Amino acid sequence: MKTIFAAATASLLLQFSPVAAEAATLIANISIGKQTMTVTENGFVKYRWKVSTARNGYVTPTGSWSAKWLSRDHRSRKYDNAPMPYAVFFNGGYAVHATFDLKRLGRPASHGCVRLHPDNAAEFFSLARQAGLANTRVVITR
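Residues numbered from 1 in each chain as written. Predicted model: local features only at pLDDT ≥ 70, side-chain atom pairs only at ≥ 80, totals over all residues. Heavy atoms only, no water.

Quoted verbatim from the Pathway (unreviewed entry) heading of the UniProt record, the comment on the protein is "Cell wall biogenesis; peptidoglycan biosynthesis." According to UniProt, the comment filed for the protein under the heading Sequence similarities (unreviewed entry) is "Belongs to the YkuD family." (UniProt positions renumbered as here; feature names shortened; annotations may be inferred.)

See the structure below:
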């Protein structure tokens, strides 16, 4: 009898509880060949931005990762404390982040990270924070 009552109560509560919002699916599709990043949210293209990926002698990895962590005012320990604002890390030390070397956007220029205009990096950082790391995906193709 207690089991039936508990099941009925749970069923009733579920009917009247607010429905959780669907988790957003945020995807950053980065094309090394085109030096672009296309951001989709829930299957709809929101943005298409110029990026800079690895220059000669360095590698931007290809593959698909969920975002791992965010750092608003990150500085590189590996490259002379270089600023990496609005960093969205996806694979070890690799991140999507802002650059102040704006003239190089649209062509390879980095040590391997994906660089964006600061306004675009701030927007992607905000979207990733809102969607949640588990719901943010970075996909990099040649």
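Alright, that's what it looks like, and here's the rest.
Undergrad: What is the right way to read the overall build of the protein from this model?
TA: Looking only at helices and strands, the protein features 2 helices and 9 strands. Secondary structure elements in the protein, listed N-terminal to C-terminal, are α-β-β-β-β-β-β-β-β-α-β. Expressed as a percentage of its 142 residues, the buried residues of the protein come to 40%. Restricting to contacts in the protein with at least 6 residues of sequence separation, those with at least 24 account for 54%. (Helix = DSSP H or I, 4+ residues; strand = E, 2+ residues; numbered from the N terminus. Buried < 20%, exposed > 50% of the residue type's maximum accessible area, 1.4 Å probe, protein only. Contact = heavy atoms within 4.5 Å.)

Undergrad: Can you help me understand the confidence of the model for the protein in this one?
TA: Regions with low pLDDT should not have their predicted coordinates read in detail. The predicted model of the protein has a mean per-residue pLDDT of 88, with 83% of residues at 70 or higher. Confidence drops under pLDDT 50 across residues 3-23; counting only partners more than four residues distant or on other chains, this segment forms 2 contacts. (pLDDT = per-residue confidence, 0-100.)

Undergrad: I tried to follow the pairing of strand β2 (residues 36-41) on my own but got confused; where do I start?
TA: Each regular strand shows side chains that alternate between the opposite faces of the sheet. Burial runs high along β2: 6 of the 6 residues are buried. Here β2 shows a buried face lined by T36, T38 and T40 and a second buried face lined by M37, V39 and E41. Judged from the 6 bridges that link them, strand β1 (residues 26-31) and β2 form a sheet pairing that is antiparallel. Across the sheet, the residue bridging to N29 is T38, located in β2. The antiparallel pairing of β1 with β2 creates a hairpin that spans 4 residues between the two strands, and Q35 there sits at a positive phi of about 55°. Pairing analysis gives 6 bridges linking β2 to strand β3 (residues 44-50), with the strands arranged antiparallel. (Pairing = 2+ DSSP bridges.)

Undergrad: Help me out: how do you make sense of the UniProt feature "active site" (unreviewed entry) in the protein in this one?
TA: UniProt's entry tags H97 and C113 with the feature "active site" (unreviewed entry), counted in the numbering of this structure. In sequence the annotated residues extend across 17 residues, while in space they remain close, none of their C-alpha pairs exceeding 7.5 Å. Within the secondary structure, H97 is located in strand β7 (residues 94-98). Given a relative accessible area of 5%, H97 falls into the buried group. When near neighbours in sequence (up to four residues on either side) are disregarded, H97 contacts P83, M84, P85, Y86, A87, C113, V114, R115, L116 and A121. Apart from the residues within four sequence positions on either side, C113 is in contact with S52, T53, A54, T60, M84, G93, Y94, A95 and H97.

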